[in-house]
Amino acid sequence: MLLAVSVACTATTCTTSKTSTNLHQPVFYDPAHDLGPLFQAVQLSGIFPDSKTFVDARPLFPPSVIAARYDSARTVAGFDLRAFVERQFQLPQPVGAGVAPGVSRSRTMEDHIRALWPVLTRPPDTADARSPRSDAERGSSLIPLPHPYVVPGGRFREIYYWDSYFTMLGLVASGRTDLVRNMLDNFAYLIETIGHIPNGNRTYYLSRSQPPYFAAMVGLYATATDTTQALRYLDALEAEHAFWMDGAERLAPAQAYARVVRLPDGSLLNRYWDDRAEPRPESYRPDYELAQTVPEGQRDALYRNLRATAESGWDFSSRWMRDPKDLRTLETTDLAPVDLNSLLYNTETVIAALRGFRNQQGDAQVARNFLRVAEERRRTSIPRTAPAAANR
């Protein structure tokens, strides 16, 4: 069930959120903004059918140098954009190419899956993406992680947040709780370093998260090992919850900010959001071309909803559209989805349970507070119909 959010914007609700900006986070290479006009030229040219190819490419020279070279080279007769890019970047390769698919009489499906773990497991990353831009670094859009992790494969060469929960189910069944712990440690690292778990460990995903499965992951790990092992993630769980609830204390009834909505009766729910209102770098061309079909004044809202839908993980389900056949009618930021709020309810109850289990000074009161918040969320009435949202 979805609740249409009939609320007004606060001063910054519909334009920006400071939630994702951690003052201590590293400075990363950001292709969409560091490459100047070259970025849009490549993404709209069609030289790469998949917009994700270019944002995953590794610059062979400092981005500012590449941008300056492009400004000079593009005015020369016979300029070849594809050849220029191939000289300036190392293009990415798919993960798992050449792996023999299928199950034979001598190889079960379980055997096949077990054989895939080493193919899809990435070792700890180097820290080349953390160099300051002023140091003329060679970086990439990959956010380096300190522990091994599993990627989906193919064009998905990085870890993905909510996908990883289902990966962990398979890892537990394969007896790989060591790798589950590594991935949890990576997510805790992202929360500590960035302030939240992004959609994936790419710089172009920093402005959004994904369905908050971290508590479910911790619960899965605790079940597979023991509850004591889960305590190491308590601080990260509370920090992630704070990310999703950022701005709640400042909201009056019928107001919204970033990922938080206060309903007219004063109760709180959450929605999906993104901190930027521009085309997604990894889907730049389709987003840009779609936006050209709506009036200019509606484009920021469309971009925001495209990105918020990507945060939902349901990109793109008709559940987010007024017209199921028209992507331009996305209204994701106007909806408080029951599945998102169920995940946050689980986060709140897991935090309360871990606080109670630890039972240090102050834990009992914090546990009671989280249980109260969880119960209020559970009891929040979600009407079957609601007026159209005011902050489109």
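Residues numbered from 1 in each chain as written. Predicted model: local features only at pLDDT ≥ 70, side-chain atom pairs only at ≥ 80, totals over all residues. Heavy atoms only, no water.

*Asks:* Looking at this structure, I do not really get the overall build of the protein chain. What am I missing?
*Replies:* Check the secondary structure of the protein chain and you find 15 helices and 10 strands. Counting only carbon and sulfur atoms, one obtains 53% of the accessible surface of the protein chain, whose full area is about 17,600 Å². (Helix = DSSP H or I, 4+ residues; strand = E, 2+ residues; numbered from the N terminus. Areas by Shrake-Rupley, 256 points an atom, 1.4 Å probe, with all protein chains shown as cover.)

*Asks:* Where do I start with the confidence of the model for the protein chain in this structure?
*Replies:* Parts of the model with low pLDDT should not have their predicted coordinates read in detail. Within the protein chain, residue pLDDT values average 89, and 85% of them lie at 70 or more. Here residues 10-24 is modelled with pLDDT under 50, and outside its nearest four sequence neighbours on either side it reaches 40 contacts, counting other chains as well. Considering only residues more than four positions removed or in separate chains, one finds that residues 384-392, a stretch of pLDDT under 50, has 23 contacts. (pLDDT = per-residue confidence, 0-100. Contact = heavy atoms within 4.5 Å.)

*Asks:* Whenever I open this one, unusual backbone geometry confuses me. Can you help?
*Replies:* Trans peptide bonds make up the majority, and among non-glycine residues the majority have a negative phi. Note the cis peptide between D315 and F316, where omega equals 10°. Even without being a glycine, A254 presents a positive backbone phi close to 70°.

*Asks:* Whenever I open this one, the nonpolar core confuses me. Can you help?
*Replies:* Note that soluble globular proteins tend to have their nonpolar side chains buried in a common cluster. With 49 residues, the main nonpolar core has L184, F187, F214 and M217 as its most contacted residues. Among the secondary structure elements, those contributing two or more residues to this core are helix 6 (109-120), strand 6 (149-150), helix 7 (161-173), helix 8 (177-194), helix 9 (214-224), helix 11 (234-245), helix 14 (338-358) and helix 15 (363-379). With 10 residues, helix 8 is the single largest residue contributor to this core. Residue contacts for L184: discarding those within four places in its chain leaves M168, F214, M217, V218, Y221 and Y233. (Core = buried A, V, L, I, M, F, W, Y, C linked by side-chain atoms within 4.5 Å. Buried < 20%, exposed > 50% of the residue type's maximum accessible area, 1.4 Å probe, protein only.)

*Asks:* Can you walk me through the pattern of salt bridges in this structure?
*Replies:* Any two side chains of opposite charge can pair, given that their charged atoms come close. Overall, the coordinates contain 31 salt bridges when judged by the stated rule. The partner of E110 in a salt bridge is R114, with the nearest N and O atoms 3.0 Å apart. Note that E110 and R114 are positioned in helix 6 at a spacing of 4 residues, about one turn of the helix. Among the salt bridges present, the one from R259 reaches D275, with a minimum N-O distance of 3.5 Å. Highlighted residues: R259 in the loop between strand 7 (255-257) and strand 8 (260-262) and D275 in the loop between strand 9 (268-270) and helix 12 (284-291), separated in sequence by 16 residues. The burial state of R259 is the same as that of D275; both residues are buried. Each of the salt bridges in this network shares a partner with another, and the network as a whole consists of D30, R208, D274, R276, E278, E282 and R307. (Salt bridge = Lys/Arg side-chain N within 4 Å of Asp/Glu carboxyl O.)

*Asks:* What am I meant to see in the environment of P253 here?
*Replies:* One can find P253 in the loop between helix 11 and strand 7. Separated by 12 residues in the primary sequence, P253 and D265 have C-alpha atoms spaced 6.5 Å apart. What P253 contacts, discounting residues up to four positions off in sequence, is R262, L263, P264 and G266.

*Asks:* What is the right way to read helix 4 (residues 63-73) from this model?
*Replies:* The periodicity of an α-helix, 3.6 residues per turn, causes residues three or four positions apart to be oriented the same way. Of the residues making up helix 4, those classed as buried are P63, I66, A67 and Y70. The buried residues of helix 4 occupy an angular sector of 100° when projected down its axis, which confines them to one face. Buried residues in helix 4 make contact with helix 1 (31-34), helix 2 (37-45), strand 3 (58-59), helix 5 (81-88) and strand 4 (89-90). (Arc of directions from axis to C-beta.)

*Asks:* What's the story with the side chain of R280 in this structure? I'm lost.
*Replies:* Tracing the sequence through the fold places R280 in the loop between strand 9 and helix 12. Among the polar contacts listed, one links the side chain of R280 to the side chain of D287, at a separation of 2.8 Å. In this structure, R280 is in contact with R208, D287, L306, R307, A310, D315 and F316, ignoring residues within four places of it in sequence. (Polar contact = N/O pair within 3.5 Å; in protein donor to acceptor, adjacent residues only side chain to side chain.)

*Asks:* It is not clear to me how the packing of aromatic side chains should be interpreted in this structure. Could you clarify?
*Replies:* In the structure shown here, the tally under the stated rule is 22 aromatic pairs. On the basis of an interplanar angle of 55° and a centroid distance of 6.0 Å, the ring pair of Y70 and F84 is categorised as tilted. Of the two residues, Y70 is situated in helix 4 and F84 in helix 5; the sequence distance between them amounts to 14 residues. The buried category is assigned to F84, whose relative accessible area is 2%. The side chain of R69 reaches across the aromatic face of F61, ending 4.2 Å from its centre. Sitting over the ring of Y257, R250 keeps its end group 5.2 Å from the ring centre. (Phe/Tyr/Trp six-rings, centres within 6.5 Å; stacked < 30°, edge-to-face > 60°. Lys NZ or Arg CZ within 6 Å of the ring centre and 35° of its normal.)

*Asks:* Would you take a moment to explain helix 13 (residues 299-312) for this structure?
*Replies:* Taking 1.5 Å of rise per residue, 14 residues should cover 20 Å, and helix 13 covers 20 Å from first to last C-alpha, within 8% of that figure. Counted residue by residue, helix 13 has 11 buried out of 14 residues, so it is predominantly covered. Those residues of helix 13 not exposed but buried are L302, Y303, R304, N305, L306, R307, A308, T309, A310, E311 and S312. The elements touched by buried residues of helix 13 are helix 7, helix 11 and helix 12. (Expected span 1.5 Å × (residues − 1).)

*Asks:* Sorry, what's going on with the side chain of S140 here?
*Replies:* As for its position among the elements, S140 is in the loop between strand 5 (121-122) and strand 6. By relative accessible area, S140 is classed as buried at 3%. A polar atom in the side chain of S140 sits 3.1 Å from the backbone nitrogen of L142.

*Asks:* Honestly, the packing of helix 9 against helix 11 in this entry has me stumped. Any pointers?
*Replies:* Describing two packed helices takes the angle between their axes plus the distance from one axis to the other. Where helix 9 meets helix 11, the axes come as close as 10 Å, and the angle between the chain directions of the two elements is 160°. Judged by the inter-axis angle, helix 9 sits roughly antiparallel to helix 11. The two elements helix 9 and helix 11 meet at a crossing, and its hand is left-handed. Across from F214, A215 and V218 in helix 9, the residues of helix 11 making contact are A236, L237 and E240. Among the residues forming the contact of helix 9 with helix 11, the class breakdown is 5 nonpolar, no polar and 1 charged. (Axes fitted to C-alpha atoms, helices over the stretch in contact; angles between N-to-C directions. Parallel < 35°, antiparallel > 145°, perpendicular 65-115°, else oblique. Left-handed = near helix turned anticlockwise from the far one by under 90°. Nonpolar A, V, L, I, M, F, W, Y, C, P; charged D, E, K, R; others polar.)

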